[in-house]
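Results of the structural survey
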Amino acid sequence: MTDDDQATDQEPDVTKREGVARRPAPKNEKLARGTSVGRYMLLDIVGEGGMGIVYAAYDPELDRRVAIKLLQAMPAGDSTGGSDQAWLLREAQAMARLSHPNVIAVHDVGLLSGDRVFVAMELVDGMTLRAWLKENKRTWQEVVHVMAAAGNGLAAAHAAGLVHRDFKPDNVLIGRDGRVRVMDFGLARLQAEESLTSRISDSNIEARSPLSANLTLAGSVVGTPAYIAPELRQGQAAGARSDQFSFGIALYEALYRVRPFKSEDLKEGTNLPRPKPPQGTGIPARIERAVLRALAFDPEDRFANMQALTAELATDPKTTRRTVVIASAIAVAGAGALTLALLTGSGDRPCSGVERRLNGVWNATTKRDVRAAFVATKLPLATRIFDSVELALDRYAKEWTVAVVESCEATRIRGEQTEEVLSLRQDCLDQRLEELRAFTQLLAKPDETIVEKSGAAALALESIRKCANVAELRAPGQPPAEARAKVEAVIGELSAAKAGLITAKLGTSINRAQAAADAAKAIPFMSLEAEARLVLGLAQYYVGNPIDAEVNLESATWLGVRARRDDVVIQAALGQALIAAESQDRVREAKVWFELGDAAAARTGFAAHELRRLEVKGIIAGHQNDRPTAIAAHQQALATAIRMWGPDAPLVGNDEQLLAATLLKAEDYTGALPHYERALVLMEKTLGPVHPDLAPILNGLASCYHLAGKRDQAKVTFERALAIQEQMFGSDSLNLVPTLNNNAELLRDEGDAVLGLPMIERAKVIAEKTVGKRHPFWHNVATTHAELFTVAKRFDDARKQFDEVLEIEERARSAYKPYTLHARAKLALAEKKWLEAASFAERSIAAYEASTGAESLELWRPLASLAQARHALGKTDEARKLYARAVATAEKAKVRDKELAVLRDAIAKLSPD
């Protein structure tokens, strides 16, 4: 990094808040060479700017040189700036989560005394755009190439929820390697998703951070005067389109060597005159039109976003008509995956012909073979399920092809990405291709399980987007050169293990993952062993072997830490947290594992890891009956999924369903209902109307209809779920049990024991034959059976059934026991055995309080039953208090008005005249 790297524009930065000029913060004295800043040792000053000083520094932990920028905030006691250090730190943390080849890489952030924040960044040998323009006379093609790359970096920041606020030539760095980087986001402010909705002039930022707070005061103007958008001077908040205006000025200035507006025009903040570019420059009309549109006075007249602007700059009609002939070769790359070497013929455009690599993986021949194999199973839904799989894999293959071409062109055509980054990304994409190959090979030899799971499995393939996270890709390191062929073999085993995992071929997955782990350890290649141990542990967990699963997940976690594989650490640690959370006495341990996974997720900045973290957080909170936390986590997960893929993407259906199930468990039926309905629409779009993966959604949706009092809709939806399952699995499959049980509960609540008893008895027989009486399915079904006996006034049969269930639940310390105890109390009430009813209701209340706390929303039911028993025993005052507590709890639980009315009526009858 040269002295030019932090050159300050000749016009000073200006900061105004609510129309009052603010004095620049006093700078601390320069720090001496050898001073420690965090873990870093300062070397030399390489630049100074309006926001702070930049030093070259040494990182002893990673044995590399970095740039350290010290940002000066106003002192905490300053009346205008008490939160400056907070927003400086938050901006630096946001930048650390952003990984893009055209954005300066931020490695670390921290706080220093004296209201300073330090940021550790990559140390780049290069110069600013302003210095680059002065160094030589640049052609318009060179300028457009550099500016388009800078625009891509700016677009990436917008997509991550960041607004630069001070884009100018001095904040664009061109490295000696030719890569362009946007830097100095020191004036950027994160935008809250909701709090700025009414004030942001640009609504086209694709994604915003859900965790950010609005730290921009109304009426603030921050930036360099010559580049500030007019709407900012009028008091509007900064957005992507105000950055676009600043970019337009810098682009105009770089192309025409003059600025488009006079300083007095910009200061007015009123309608600007249309710039008149100099004549005879040879700059194409299409480039001129793009520049002028970016400089439109009205933000709505500018491009919708930076992607649209850079796409216009990159379009060259001449190149689109060329005949392309490309030869491709395969070479073993650094991490052992296959790297595509894209070669350029004489005068030809590189990076085409990539789709040929899908031959034998997923092309017309593969599709034909897989379809024939599905049909040969003679399963009734096989053809329709294949259609959904074909749709999902076509989408995945297209995404892979686009990613390979984009990465190649970024290096070989646009020159904005180094060969090293191209190699890293292609290694990752090659591994995705091998995993797709292993998956389709499994599909070509299907059984009932593979056919059933293939639709969801096709959506669960490893994300292609992960291969664009360069910071994460750099972490694993390289295998020994002599072991590359062995590494390739391990990747083959690991790909097969992953395919088995997502298709529920867990025995295959365990065997292949164990082989991969052993082979990786023998190489040795810690990074690959960590990944293999992760897959092995997950497969063991899903097969019902938590003891061995914990051993391998723990090994994967610490191997991942040593190999700097944050992606492995996240999944392994969160898996450990899930296992621990399922045991009531390991809550603290679950918290430790979760926080480890959480820390690794925060470090990566990859949205998919954040999504997984939120999903697991909600599941763990659900295990611990912390419903507010579970709901909040799954709401954030859904918002993250929508930002990642868009609201209509099939993958969003998973998080719609997850949130719906959490709300249903919390008895918020009306809240759960639209999420189940949305999940059904999204999954039907990909899987078709009769796919077995729709049955759980239909089951939950029907339960919501039932509990919301929509009987007819519930009945039709239950029937649809049951018909799909029977057609796919037959009449005696365990898959039918939840649907039969929930349908029987609907009939129970309607008092229809005639239809309800045969249905629940069928479910009970299936559960006993398949999983036995210790399984939670049997507990649910047996309790519902006893309740239907109560409805039918077959009290002896009900009592016998309850006694059997409670004996098993007592021995197993089942989480279902509080519910069963209350159901037993209701039997005693029906028999008018008041003391017995009070005893079981008290035991139910104690069990709920022990497991979920004194404020448990489940308590209203046993409280009401205890009140009824106490009233019957002549203890009116106790009954009145119990009913009042039941009403208060039911109101918090948002139960149906009909049920609340019954409780309130009971209180009214007990109230003294």
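So, here's what we can say about the structure.

Moving on to the state of the cysteines. One pass over the full model with this rule turns up 2 disulfides. A disulfide bridge connects Cys 351 with Cys 408, and the sulfur atoms are separated by 1.9 Å. Where Cys 351 bonds to Cys 408 through sulfur, the torsion about that S-S bond is close to -70 degrees, and the disulfide is left-handed. Here Cys 351 is found in the loop between strand E14 (338-344) and helix H9 (364-376), whereas its partner Cys 408 is found in helix H10 (residues 382-412), with 57 residues between them in sequence. Judged by its relative accessible area of 3%, Cys 351 falls in the buried class. Classification of Cys 408 as buried rests on a relative accessible area of 1%. There is a disulfide in this structure between Cys 428 and Cys 467, and the S-S distance comes to 2.0 Å. When the S-S torsion is -70 degrees, as for the bridge of Cys 428 with Cys 467, the disulfide is left-handed. Taken as a pair, Cys 428 in helix H11 (residues 419-443) and Cys 467 in the loop between helix H12 (448-459) and helix H13 (470-474) lie far apart in primary sequence, 39 residues in all.

Here the focus is the side chain of Glu 253. The topology assignment puts Glu 253 in helix H5 (residues 240-256). Its relative accessible area of 14% is what places Glu 253 among the buried residues. Separated by 3.4 Å, the side chains of Glu 253 and Arg 130 make a polar contact. Apart from residues no more than four positions distant in its own chain, Glu 253 is found in contact with Arg 130, Pro 169, Tyr 227, Val 258 and Arg 259.

Let us look at unusual backbone geometry. For the peptide bond that leads from Ile 523 to Pro 524, omega is -5 degrees, which places it in the cis range. Its location among the elements puts Pro 524 in the loop between helix H15 (506-522) and helix H16 (526-542). You will see that Arg 564, though not glycine, has its phi angle at about 60 degrees, which is positive. In this fold, Arg 564 is placed in the loop between helix H17 (546-562) and helix H18 (566-581). On the basis of relative accessible area, Arg 564 is assigned to the partly exposed category, the value being 48%.

Our focus in this paragraph is the nonpolar core. Nonpolar side chains in soluble globular proteins tend to be buried together. With 77 residues, the main nonpolar core has Phe 374, Leu 393, Trp 400, Leu 436, Phe 439, Leu 443 and Tyr 676 as its most contacted residues. Each residue touching Leu 393, except ones within four places of it in the same chain, is listed here: Trp 362, Leu 436, Phe 439, Thr 440, Leu 443, Ala 458 and Leu 461. Ile 174, Tyr 256, Phe 261 and Ile 287 belong to the second-largest nonpolar core, a separate cluster that totals 47 residues.

Before going further, it helps to examine the packing of aromatic side chains. Applying the stated criterion to the full structure yields 6 aromatic pairs. Ring centres 6.1 Å apart and planes at 75 degrees place the aromatic pair Tyr 40 and Phe 118 in the edge-to-face group. With Tyr 40 in strand E4 (residues 40-49) and Phe 118 in strand E8 (residues 116-122), this pair connects stretches of sequence that are 78 residues apart. A centroid spacing of 5.9 Å and a plane angle of 70 degrees characterise the contact between Phe 374 and Phe 386, whose relative ring orientation is edge-to-face.

An order of E9-E10-E11 is seen for the 3 strands of this open sheet, with the pairing classed as antiparallel. If you trace the sheet from one side to the other, it starts and ends with strand E9 (126-128) and strand E11 (180-182), each paired once. When strand polarity is set aside, the average angle formed by the axes of neighbouring strands in this sheet is 25 degrees. Packing of helix H3 (residues 140-159) onto the sheet brings it into contact with strand E10 (172-175) and E11, and relative to E11 it is tilted by some 40 degrees.

Calculation rules
Residues numbered from 1 in each chain as written. Predicted model: local features only at pLDDT ≥ 70, side-chain atom pairs only at ≥ 80, totals over all residues. Heavy atoms only, no water. Disulfide = S-S within 2.5 Å. Helix = DSSP H or I, 4+ residues; strand = E, 2+ residues; numbered from the N terminus. Buried < 20%, exposed > 50% of the residue type's maximum accessible area, 1.4 Å probe, protein only. Polar contact = N/O pair within 3.5 Å; in protein donor to acceptor, adjacent residues only side chain to side chain. Contact = heavy atoms within 4.5 Å. Core = buried A, V, L, I, M, F, W, Y, C linked by side-chain atoms within 4.5 Å. Phe/Tyr/Trp six-rings, centres within 6.5 Å; stacked < 30°, edge-to-face > 60°. Pairing = 2+ DSSP bridges. Axes fitted to C-alpha atoms, helices over the stretch in contact; angles between N-to-C directions.

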